[in-house]
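# Summary of the model geometry
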Amino acid sequence: MDKFLIEGNGPLSGEVAASGAKNAALPILCASLLIDGELNLSNVPDLHDVVTTKKLLAQMGVAVASPGPGLFTADASGITTCVAPYELVKTMRASILVLGPLLAKRGHAEVSLPGGCAIGARPVDLHLMGLKAMGAEIELEGGFIKARATRLKGARIYFDTVTVTGTENLLMAAALADGETVLENAAREPEIVDLANCLTAMGAKIRGAGTGTIVIKGVANLHGASHAVIPDRIEGGTFLVAAAISRGKVRLVKTDPNALDAVLVKLQQAGARVSTGEDWIEVDMQGRRPASINLHTMAHPGFPTDMQAQFMALDCYAEGVGTIRETIFENRFMHAQELLRLGADIRIEGNTAIVTGREKLTGAPVMATDLRASAALVLAAIAAEGTTTIDRVYHIDRGYEHIETKLGQLGAKIQRVK
Ligand code: EPZ
């Protein structure tokens, strides 16, 4: 199991490019199951979760290929099975995203129930509620979701809770359903818009992606398409926090400033000078210690839960006391225990963390527990005095493309040891 060895090394500076968005690439790869023909993707990030998705599609008989860096092709016309096995699903919950497309295109699917994960129970009841509303017969048997539908029918579906992959699963299913589907209280993340744009390129009829109400007019068939995946706003946001926590100056390029509104507001509140252009964002801390910020996580366009851990790390070094409330997941404070090992002053009260900033933290051995928690530990280690070792960095490899290389280019002293 790889470890990171990180030496606190002063302010970061320079330019770094965002990679393609993990949470756009995963549903879009699964959308290849909807079409007769080939899906050609570019700007696909080189991440463990993308490799897992490719394996999942390939074991179904999808012809997948990676003709070059960031490129990916998939042709599902010859698939041999509609089963997503436990061995793969247990390593990546997003495997649930094959359910909607298989049901819509092939009329049946067997997907292992994704277990919970470190940050919460992560139920999929809303995915199943929506598919049942569209006429699917669904049974839970032996840890599998077994679903059948002769042809899905358009329906009006209301999500009690905003769910990103729930919206994506039903968006894909509705594209080939008979009639019109309306998704109410739908998720509004930029990754939903990217998926909708890709489906539209395949011939789908979609209105309202990015708003709370999405209307889909089902079509009989979808054809092959080419699509470039949007930049990863969470990876990019993580690098901007790296600039702030190290009191440096970093320009993030190949990004979309509009996808990070809430994060940029918080960085400004922390005292950073933020400037933006067409496809870049610059954060300049001017050597100053950050000011404490308060935040609570919400569905997009609110403050993203995937940036909560990174801002907790920032608050650990800030001037003042910051409160961080996590409203999306029930157990997404595991980074707090590890930050305490670096000398942070954090008090957890239910879903709220009260962080009293310290001028300096001290390096220590810590352990990654989930994807964004490990990113927070990397950020805290970059600004700490002395050496930090982070164990179980496979968590971080799931969502960050060569993070040690990118941060190293900005001046961080970070080394991967086997
Ligand atoms: C997506 O997960 C992301 N993953 C997560 O990113 C992200 O944290 C999350 O959305 C919230 O933004 C991908 O896109 C692959 P949800 P998802 O369904 O879709 C409850 C990362 O770091 N819920 O929006 O699984 C659920 O328990 C990952 O890249 C139900 O109750 O999250 C949670 O409290 C971590 N029933 C809330 O909704 C359901 O059927 C939001 O979950 C579905 C969800």
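The rules we used
- Residues numbered from 1 in each chain as written.
- Predicted model: local features only at pLDDT ≥ 70, side-chain atom pairs only at ≥ 80, totals over all residues.
- Heavy atoms only, no water.
- Helix = DSSP H or I, 4+ residues; strand = E, 2+ residues; numbered from the N terminus.
- Rg over C-alpha atoms; globule rule 2.2 N^0.38 Å.
- Buried < 20%, exposed > 50% of the residue type's maximum accessible area, 1.4 Å probe, protein only.
- Contact = heavy atoms within 4.5 Å.
- Areas by Shrake-Rupley, 256 points an atom, 1.4 Å probe, with all protein chains shown as cover.
- Core = buried A, V, L, I, M, F, W, Y, C linked by side-chain atoms within 4.5 Å.
- Pairing = 2+ DSSP bridges.
- Right-handed = clockwise from strand over helix to strand, strands pointing away.
- Salt bridge = Lys/Arg side-chain N within 4 Å of Asp/Glu carboxyl O.
- Axes fitted to C-alpha atoms, helices over the stretch in contact; angles between N-to-C directions.
- Expected span 1.5 Å × (residues − 1).
- Phe/Tyr/Trp six-rings, centres within 6.5 Å; stacked < 30°, edge-to-face > 60°.
- Lys NZ or Arg CZ within 6 Å of the ring centre and 35° of its normal.
- Near = heavy atom within 4 Å.
- Polar contact = N/O pair within 3.5 Å; in protein donor to acceptor, adjacent residues only side chain to side chain.
- Nonpolar A, V, L, I, M, F, W, Y, C, P; charged D, E, K, R; others polar.

## Some words on the overall build of the protein chain
- Counting its regular elements, the protein chain contains 14 helices and 24 strands.
- In summary, the protein chain has a C-alpha radius of gyration of 21 Å against a globular reference of 22 Å for 418 residues, a match within 12%.
- Across its three principal axes, the protein chain shows a C-alpha extent of roughly 65 × 45 × 40 Å.
- Counting only residues that meet the buried cut, the protein chain has 57% of its 418 residues in that class.
- At a minimum sequence separation of 6, the contacts of the protein chain that also span at least 24 residues come to 73%.
- Total accessible area computed for the protein chain in this model is approximately 15600 Å², and 50% of it derives from carbon and sulfur atoms.

## Focus: the nonpolar core
- In this structure, Leu-171 and Leu-199 are the most contacted members of the largest nonpolar core, which totals 78 residues.
- Aside from chain neighbours lying at most four places away, what touches Leu-171 is Leu-183, Ile-192, Leu-195, Ala-196, Leu-199, Ile-206, Ile-214 and Ile-216.
- Grouped together as the second largest cluster of nonpolar side chains are 70 residues, Leu-264, Ile-324, Leu-342 and Val-393 included.

## Regarding the pairing of strand S23 (residues 387-391)
- Burial along S23 is one-sided: the residues Thr-388 and Ile-390 are buried and none of Thr-387, Thr-389 and Asp-391 is.
- Judged from the four bridges that link them, strand S1 (residues 3-7) and S23 form a sheet pairing that is antiparallel. When the bridges of S23 are listed, Glu-7 appears paired with Thr-387.
- Two strands pair when backbone bridges link them, and strand S22 (residues 365-367) and S23 are joined in this way by three bridges, in the parallel orientation. Each bridged residue has a counterpart across the sheet, and for Met-367 the counterpart in S23 is Asp-391.
- For the handedness criterion, the β-α-β arrangement of S22, helix H12 (residues 371-383) and S23 is classed as right-handed.

## What about the pattern of salt bridges?
- Per the stated rule, a full pass over the model turns up 20 salt bridges.
- The residue Arg-416 makes a salt bridge to Asp-2 at a minimum N-O spacing of 3.0 Å. Taken together, the residues span a long stretch of sequence, with Arg-416 in strand S24 (residues 413-417) and Asp-2 in the segment before S1 at a distance of 414 residues.
- The exposure class of Arg-416 is partly exposed, given its relative accessible area of 24%.
- For Arg-233, the salt bridge goes to Glu-191, with nearest N and O atoms at 2.8 Å. Of the two residues, Arg-233 sits in helix H8 (residues 233-245) while Glu-191 sits in helix H7 (residues 190-201), which places them 42 residues apart along the sequence.

## So, the sheet that holds strand S3 (residues 36-42)
- Strand order in the open sheet formed by four strands is S4-S5-S3-S14, and the pairing between neighbours is mixed. The open sheet terminates on both sides in strands that have one partner only, identified here as strand S4 (63-65) and strand S14 (223-228). Going from strand to strand, the sheet's axes swing by 10° on average, the running direction of each strand aside.
- In the sheet, S3 pairs with S14 via five bridges, with the strands oriented parallel. Across the sheet, the residue bridging to Asn-40 is Ser-226, located in S14.

## Here's the deal with H7
- Over its 12 residues, H7 extends 17 Å from the first C-alpha to the last, a length consistent with the 16 Å expected when each residue adds 1.5 Å.
- Restricting attention to buried positions, one finds in H7 the residues Pro-190, Glu-191, Ile-192, Asp-194, Leu-195, Ala-196, Cys-198 and Leu-199.
- Looking one or two residues past H7, Gly-203 carries a phi angle of roughly 110°, positive in sign.

## Quick notes on the packing of aromatic side chains
- Taken as a whole, this structure holds one aromatic pair when the rule is applied.
- Seen from their ring centres, Phe-303 and Phe-311 are 5.1 Å apart, and the 85° between their planes marks the pair as edge-to-face. Like Phe-311, Phe-303 is buried.
- The lysine or arginine in question, Arg-251, covers the ring of Trp-280, its NZ or CZ lying 3.7 Å from the ring centre.

## Points about the sheet that holds S1
- An order of S22-S23-S1-S24 is seen for the four strands of this open sheet, with the pairing classed as mixed. Looking at which strands have only one partner, the edges of the open sheet turn out to be S22 and S24. Taken pair by pair, the neighbouring strands of this sheet meet at an average axis angle of 20°, ignoring direction.
- Against the sheet, H12 contacts S1, S22, S23 and S24, and its axis sits at roughly 30° relative to S1.

## As for the pairing of strand S15 (residues 249-253)
- As defined by bridge partners, strand S2 (residues 13-17) adjoins S15 across five bridges and the pair is classed as parallel. Residue pairing for S15: Gly-14 is matched across the bridge by Val-250.
- Sheet topology places S15 next to strand S17 (residues 280-284); five bridges connect them, and they run antiparallel. Within the sheet, the bridge partner assigned to Val-250 lies in S17 and is Val-283.

## Examining the site of the ligand
- Looking at the ligand, there are 21 residues lining it, with Leu-126, Thr-163, Thr-165, Asp-306 and Ile-328 nearest.
- Between the ligand and Thr-163 there is a distance of 2.7 Å, counted from an oxygen atom to a side-chain nitrogen or oxygen.
- Between Arg-332 and the ligand, the recorded distance is 3.4 Å, taken from a side-chain N or O atom to an oxygen atom.
- Here the ligand loses 88% of its free accessible area of 820 Å² to cover by the protein chains.
- Within the residue set of the shell around the ligand, elements represented by two or more residues are helix H1 (22-30), helix H5 (125-133), helix H6 (164-175) and H12.
- Per-element accounting of the shell around the ligand gives the leading share, three residues, to H5.
- Tallied by class, the residues present in the shell around the ligand amount to nine nonpolar, six polar and six charged.

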